[in-house]
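These are the residues of each chain, in order.
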Amino acid sequence: ITSLLLTLLIRRLWALRKPRPAAPPPPPRPAEDIAREKLQALRLSSYLEEGMHKTYHLKLSEAVREYLGNRYGFDSLERSTTELVEEIKARPLPRALFDELVRLLEDTDLVKFAKFEPTVGESRALLDEAFRIVDVTTQEALQRAAAAVPTSPVLPEDAP
């Protein structure tokens, strides 16, 4: 009995000695959730009321750029606006949305680099545009848009 207990104890200690596999990491959060969270935090911030227009537009630009990079799978934060626009051109975006995105990036660049100071209303409108861009480019929104495109009816072969 002593040797049996000793064997069981040794086995138990040996099993405890082996590292157990770590639990798998949680799945990555959707890019649109992260972007909406950052944009909402910006909406609730007091940057504009405190006159911190550059900080506001920098954070707005970073949230949109990070979203685009995460959404389409490329490094977006280290690219210039021109490089980012070139990358996005290859993506399936409607022309009007592409133009809106380019305008948003250019407007935030004006504040960041040219010391342009838009009104509070203009700044908030840019934030609304950023929310819209995120909402329209989610995977689900693009799938709904593709499904909504009318298709030609299939005619029988003997139709005139």
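Up top you'll find the structure we're talking about.
Numbering of residues begins from 1 in every chain and follows the order in which that chain's sequence is written. Thresholds applied to this predicted model are a pLDDT of at least 70 for local features of residues and 80 or more for the giving and counting of side-chain atom pairs; totals over whole chains, interfaces and linings are not thresholded and use all residues. The basis for every side-chain value is the complete set of heavy atoms in the structure, and neither hydrogens nor water enter the calculation.

Residues lying three or four places apart along an α-helix face the same way, a consequence of the helix completing one turn every 3.6 residues. Relative accessibility decides the category of a residue: with a 1.4 Å probe and only protein chains considered, values under 20% of the type maximum give buried, values over 50% give exposed, and everything between is partly exposed. Each helix corresponds to a stretch of at least 4 residues labelled H or I by DSSP, and each strand to a stretch of at least 2 residues labelled E; elements are numbered beginning at the N terminus. Every buried residue of helix α4 (residues 81-89) is listed here: T81, L84, V85, E87 and I88. Around the axis of α4, the buried residues are gathered within 160° of arc, so they sit on the same side. Among the exposed residues of α4, those pointing more than 90 degrees away from its buried face are T82 and K89. Of the surrounding secondary structure, the elements contacted by the buried residues of α4 are α3 (53-72) and α5 (95-113). When we speak of the arc, we mean the arc of directions from the helix axis to the C-beta atoms. Any two residues whose heavy atoms approach within 4.5 Å at even a single point are treated as in contact.

Time to look at α3. A helix's residues, less one, multiplied by 1.5 Å, set its expected span. For α3, built from 20 residues, the straight-helix expectation of 28 Å at 1.5 Å per residue is met to within 8% by its first-to-last C-alpha distance of 28 Å. Positive backbone phi, approximately 75°, marks G73, located one or two places after α3.

Glancing now at the nonpolar core. The set of buried Ala, Val, Leu, Ile, Met, Phe, Trp, Tyr and Cys residues whose side-chain atoms join them within 4.5 Å is what this entry labels a nonpolar core. Counting residues in each nonpolar core, the largest one holds 30 residues, and the members touching the most others are L39, L60, L68, I88, L101, L104 and L127. Those elements giving two or more residues to this core turn out to be α2 (31-44), α3, α4, α5 and α6 (120-137). Examining the composition of this core, we find that 7 residues originate from one element, α3, more than from any other. If near-sequence neighbours (up to four positions away) are discounted, L60 is found in contact with L39, L42, T108, L126, L127 and A130.

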